[in-house]
Amino acid sequence: MARKYVCPGKIDTFGQIGIDLVIGKREGPYIFDADGKKLIDLHINGGVFNLGHRHPELIAILVSALGKTDIGNHHFASEARVLLARKLAEKTPGDLHYTVFAASGSEAVDIAVKTARWATKRRQIVSLDKGYHGSTGISGNVGDYKNIDYFLSRGTKEEYAHVPFNDLPAMENILSREEAAAVIMETIPATYGFPLPEDGYLKGVKELCHKYRSLYIADEVQTGLGRTGNLWGVTTFGVIPDILITGKGLSGGVYPISATVISEKYGGWLTENGFGHVSTFGGAEPGCQVASRVLDICSDSALLASVRRHAAILGEGFADLKGRYPFLKEIRQCGLVIGLKYDDPLGAVSMCKALYENGIWAMIAGFDYSVMQCKPWIFLDRPLIDDILARFEEALKACTP
Ligand SMILES: Cc1ncc(COP(=O)(O)O)c(C=O)c1O
């Protein structure tokens, strides 16, 4: 039926590598297929299930909210929205202050780009060759062009410029023309396979933005909410952005919501033109109540310390496997943001299948099939780490030529 009515191409692609998952029950770090087979979820939809599947407290908040409210009317002030916006202002770095709510990461990216264009009166947006920021017209243009070209939606060179990752001279070359409204970057590019920023790279980009009067937009959709061991990935690298985007995990996995948090200095359009961006479902009230608790949980210092501790243990385990199975060629890790590169251009595809057969669901990096994204939930503990590593070892044995 899904093949007939929803997405034949996706079903066929996964089918070709032997994955026919239909998710049934789901709980904490686990998903179960329709026959009840248990899988550790290391994909977590890019961070949506950061706090696991069906977090009981978040479900209780959602149910209670639905007992009293509904989506609300996005034009009017609402207690749930304002409390969440205030919390975002308090918990984001620097003078990030105003929040514009949306329902998806892509829309939040569009809002960030529009804000930067309005604030600077420039049109060009600089992004990374292999970035991924979403699939709308604007968000799709600030990353790899494959799908934007497929839908004949590419903007002009004057509007969008792409540079390679970790290349400060290329960044300076484009920013020095003083035509860019902003640079938008994932703190660690997810779809590219989580290559880590070199020492000083992100700070260098921020300095260049400052020098040439462009804004720095941090896309924290995948790296935010505690995953790096700090609430925001970008602060892990010592950068205070002008605009910060969060989504996915902000939903607690139970109610779609995303947010663009804008520095007070650049959010003037919100005063000048209150209807400049309108989003019917942006900041829906039940979602705001869930997201508010998500922020509290993810900023808890004991949890963040646990993320750092367990990330180190998991990293040591992968390093041990790498020593014994050279098919695991490279470990890219910042906290629980982990990219595993295999010694074959399609290595992540074989490992994805082998892991699936061994009780793990982990996703291939869309722009590099040699790399697998490995993102456990953030309540990781020792027994789960041991379980993950044992299953990886079996999969590595199966994939080692
Ligand atoms: C870094 C990043 N930004 C933005 C998006 C777009 O989010 P959404 O799919 O909610 O529109 C994604 C989605 O995968 C993402 O990984």
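You'll find the structure just up there.
So, a few notes on the structure that sits alongside this text.

Definitions and cut-offs
Residues numbered from 1 in each chain as written. Predicted model: local features only at pLDDT ≥ 70, side-chain atom pairs only at ≥ 80, totals over all residues. Heavy atoms only, no water. Near = heavy atom within 4 Å. Polar contact = N/O pair within 3.5 Å; in protein donor to acceptor, adjacent residues only side chain to side chain. Nonpolar A, V, L, I, M, F, W, Y, C, P; charged D, E, K, R; others polar. 1 Å grid on protein atoms, 1.4 Å probe; cavity = no way out; pocket = protein on both sides within 12 Å on 5 of 7 lines; lining within 4 Å. Points joined across faces, edges and corners; volume = space filled by probe spheres on them. Helix = DSSP H or I, 4+ residues; strand = E, 2+ residues; numbered from the N terminus. Expected span 1.5 Å × (residues − 1). Pairing = 2+ DSSP bridges. Axes fitted to C-alpha atoms, helices over the stretch in contact; angles between N-to-C directions. Phe/Tyr/Trp six-rings, centres within 6.5 Å; stacked < 30°, edge-to-face > 60°. Buried < 20%, exposed > 50% of the residue type's maximum accessible area, 1.4 Å probe, protein only. Lys NZ or Arg CZ within 6 Å of the ring centre and 35° of its normal. Parallel < 35°, antiparallel > 145°, perpendicular 65-115°, else oblique. Left-handed = near helix turned anticlockwise from the far one by under 90°. Contact = heavy atoms within 4.5 Å. Lys, Arg positive; Asp, Glu negative; His and termini not counted. Salt bridge = Lys/Arg side-chain N within 4 Å of Asp/Glu carboxyl O.

Another point: the site of the ligand. Inspection of the region around the ligand gives Ser104, Gly105, Ser106, Tyr132, His133, Gly134, Glu186, Asp219, Val221, Gln222 and Lys248 as its neighbouring residues. Between the ligand and the protein, one listed contact pairs an oxygen atom with a side-chain N or O atom of Ser106 at 2.5 Å. Within the contact set of the ligand, an oxygen atom lies 3.0 Å away from a side-chain nitrogen or oxygen of Lys248. Residues belonging to the shell around the ligand are distributed by class as follows: two nonpolar, six polar and three charged.

So, on to the layout of surface pockets. By volume, the second largest pocket is sized at about 690 Å³. Along the walls of the second largest pocket sit 25 residues, with His74, Arg81, Thr99, Val100 and Leu270 positioned nearest its centre. Residue assignment for the lining of the second largest pocket shows that the elements contributing at least two residues are helix H4 (79-91), strand E4 (96-102) and helix H11 (269-272). Tallied by class, the residues present in the lining of the second largest pocket amount to twelve nonpolar, eleven polar and two charged.

It is worth spelling out helix H15 (residues 382-399) at this point. Taking 1.5 Å as the rise per residue, H15 with 18 residues should run 26 Å; its terminal C-alpha atoms sit 25 Å apart, in good agreement. One side-chain oxygen at the N-terminal end of H15 lies 3.1 Å from the backbone nitrogen of Leu384; it belongs to Asp381.

Moving on, we come to the sheet that holds strand E8 (residues 215-219). One open sheet accounts for seven strands, arranged E4-E10-E9-E8-E7-E5-E6; its pairing is mixed. If you trace the sheet from one side to the other, it starts and ends with E4 and strand E6 (160-163), each paired once. Taking the axes of each pair of neighbouring strands and ignoring which way they run, one obtains an average angle of 20° across the sheet. Bridge count for strand E5 (residues 124-128) against strand E7 (residues 180-186) is three bridges, and the pairing is parallel.

Summed over the entire model, instances satisfying the criterion amount to six aromatic pairs. A centroid spacing of 5.5 Å and a plane angle of 25° characterise the contact between Phe327 and Tyr342, whose relative ring orientation is stacked. Here Tyr342 lies in strand E12 (residues 337-342) and Phe327 lies in the loop between helix H13 (301-324) and strand E11 (328-334), a separation of 15 residues in the sequence. Of the two residues examined, Phe327 and Tyr342, each falls in the buried class. Centroid distance Trp377 to Phe379: 5.3 Å. Interplanar angle 85°. Geometry classified as edge-to-face. You can call Trp377 buried: its relative accessible area is 16%. If you follow Lys130 out to its NZ or CZ, it ends over the ring of Phe367, 5.7 Å from the centre.

Side-chain positions along a regular strand alternate between the two faces of the sheet. Most of strand E10 (residues 258-263) sits out of view: six of its six residues are buried. Note that E4 and E10 share six bridges and pair antiparallel. Looking at the pairing, Phe101 lines up with Ala259 of E10. In terms of strand pairing, strand E9 (residues 243-246) meets E10 through four bridges, oriented antiparallel. The partner of Leu244 across the bridge, within E10, is Val261.

Once that is clear, we can look at the packing of H13 against H15. Between two packed helices, the angle of one axis relative to the other and the distance separating the axes together describe the packing. At a minimum axis distance of 10 Å, the contact between H13 and H15 shows a crossing angle of 20°. One element, H13, and the other, H15, form an angle in the roughly parallel class. Crossing of H13 against H15: the hand is right-handed. Between H13 and H15, the contacting residues are His310, Ile313, Leu314, Gly317, Phe318, Leu321 and Arg324 on the first element and Arg382, Ile385, Ile388, Leu389, Phe392, Glu393 and Leu396 on the second. Taken together, the residues that form the contact of H13 with H15 break down as nine nonpolar, two polar and three charged.

A separate point is the sheet that holds E11. Within the open sheet, the four strands sit side by side as E11-E12-E15-E14. Their pairing is antiparallel. Across the chains shown, the open sheet's two edge strands, defined by having one partner strand only, are E11 and strand E14 (363-365). For this sheet the average axis-to-axis angle between neighbouring strands, irrespective of direction, equals 30°. Examined bridge by bridge, E12 and strand E15 (residues 368-374) share four bridges and lie antiparallel to one another. When the sheet's bridge partners are listed, Ile338 is paired in E15 with Cys374.

Turning our attention to the side chain of Lys375. Mapped onto the elements, Lys375 comes out in the loop between E15 and H15. The charged side chain of Lys375 is buried without a salt bridge, its nearest counter-charge being Glu186 at 8.4 Å. A distance of 2.7 Å separates a polar atom in the side chain of Lys375 from the backbone oxygen of Gly46. Here Gln222 takes part through its side chain, which lies 2.8 Å from a polar atom of the side chain of Lys375. Leaving out residues up to four positions away in the same chain, Lys375 has contacts with Asp41, Leu42, His43, Ile44, Gly46, Gly47, Phe194, Gln222, Arg227 and Leu336.

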